[in-house]
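Per-entry structural report
Take a look at the letters that make up each chain.
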Amino acid sequence: MSTVADTKSLNTPLLTRGRVIAAALAMILVGAMVYDTRVVRIGSEHDVRADVFSPEAFGTENFPKVRDSVVSRAVDAAELGGAIAADKAAAGTKYGVATSTGPVIPVKFTGTVGERKSSTNTIAVPGLPEGTVVRVQTGPAINGTDLRDATGEIEFGQFTNQIEYQNAGSALNNAMKKETLASIDPAALDGKTVEITGVFKLINPKNWLVTPVSVTVK
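Remember, it's a predicted structure, so these values are computed and weren't measured experimentally.

The next point concerns the overall build of the protein chain. The secondary structure content of the protein chain amounts to 6 helices and 6 strands. Element order for the protein chain, N to C, with α for helix and β for strand: α-α-β-α-α-β-β-β-α-α-β-β. Here the protein chain holds 218 residues, and the buried ones make up 36% of them. Of the contacts made within the protein chain by residues no fewer than 6 positions apart, 68% connect residues no fewer than 24 positions apart. Of the accessible surface of the protein chain, which amounts to about 13100 Å², a share of 57% is contributed by carbon and sulfur atoms.

Quick look at the packing of helix 2 (residues 55-73) against helix 6 (residues 162-181) now. The geometry of helix 2 relative to helix 6 is characterised by a closest axis approach of 8 Å and an angle of 65° between their N-to-C directions. Considered as vectors, helix 2 and helix 6 are oriented roughly perpendicular to each other. Note that helix 2 runs across helix 6; the crossing there is right-handed. Of helix 6, the residues touching helix 2 (which contributes Pro55, Glu56, Phe58, Gly59, Thr60, Asn62, Phe63, Val66 and Arg67) are Asn167, Ala168, Ala171, Leu172, Ala175, Met176, Lys178, Glu179 and Thr180. Taken together, the residues that form the contact of helix 2 with helix 6 break down as 9 nonpolar, 5 polar and 4 charged.

Each pair of packed helices gets described by two things: the angle between the helix axes and the distance between those axes. Axis separation between helix 3 (residues 77-86) and helix 4 (residues 88-95) bottoms out at 5 Å; the angle between their running directions is 135°. With respect to each other, helix 3 and helix 4 are oriented oblique. Residue-level inspection shows Glu79, Leu80, Ala83, Ile84 and Ala86 of helix 3 in contact with helix 4, the latter providing Lys88, Ala91 and Tyr95. Tallied by class, the residues present in the contact of helix 3 with helix 4 amount to 6 nonpolar, no polar and 2 charged.

Looking now at the side chain of Thr132. Its location among the elements puts Thr132 in the loop between strand 3 (120-124) and strand 4 (133-137). Separated by 2.9 Å, the side chain of Thr132 and the backbone oxygen of Pro129 make a polar contact.

Over its 20 residues, helix 6 extends 28 Å from the first C-alpha to the last, a length consistent with the 28 Å expected when each residue adds 1.5 Å. By the burial criterion, the buried members of helix 6 are Glu164, Tyr165, Ala168, Gly169, Ala171, Leu172, Asn173, Ala175, Met176, Thr180 and Leu181. Check the buried side of helix 6 and you find it contacts helix 2, strand 4, helix 5 (146-149) and strand 6 (207-217). Looking at where helix 6 begins, the residue whose side-chain oxygen comes 3.1 Å from the main-chain nitrogen of Ile163 is Asn161.

Calculation rules
Residues numbered from 1 in each chain as written. Predicted model: local features only at pLDDT ≥ 70, side-chain atom pairs only at ≥ 80, totals over all residues. Heavy atoms only, no water. Helix = DSSP H or I, 4+ residues; strand = E, 2+ residues; numbered from the N terminus. Buried < 20%, exposed > 50% of the residue type's maximum accessible area, 1.4 Å probe, protein only. Contact = heavy atoms within 4.5 Å. Areas by Shrake-Rupley, 256 points an atom, 1.4 Å probe, with all protein chains shown as cover. Axes fitted to C-alpha atoms, helices over the stretch in contact; angles between N-to-C directions. Parallel < 35°, antiparallel > 145°, perpendicular 65-115°, else oblique. Left-handed = near helix turned anticlockwise from the far one by under 90°. Nonpolar A, V, L, I, M, F, W, Y, C, P; charged D, E, K, R; others polar. Polar contact = N/O pair within 3.5 Å; in protein donor to acceptor, adjacent residues only side chain to side chain. Expected span 1.5 Å × (residues − 1).

Have a look at this one:
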């Protein structure tokens, strides 16, 4: 019995010493972690979130630039309709911005609102070639990338991938809705006169689907 007791008494300091060493090592490890940890203030230059693409911020910043460009270059619809009827390709080159699926052309017109269907309103625009149908996207859904492609200054290479590039188009559509369409009830436009400036992609010369940047209801 005395041998066992002596052995336990000899091991006790060793166990205590091991615990002390383990605790010291743990404190050193925690200290090293704290030393190596950087506290980053939100919004500072070290905030990596600043490098993440924000569609909302992109749309808010860039829609005014797109709108101003479209307004400054917009062609009267009657003039444009005649040019397209005479030579579609030449009209697209002269007035539009080329894309892989057709030129995006800025246009302006005054007309009378007609049938509403699938987030668009038809507009009767005087002076257009017979059979030309003009529809304006009035929401809530705004489709396509015509606003993104309207200036020729927003390019794929500015973005990390195709998803960001697509989101940029949607962001501009959303920013346009907030600025241009938020105060308009499209269901109550029937029969009213409107002044519209916008863009459309020239694919079918007899069918213009216009995404507006400016709408005035008279």
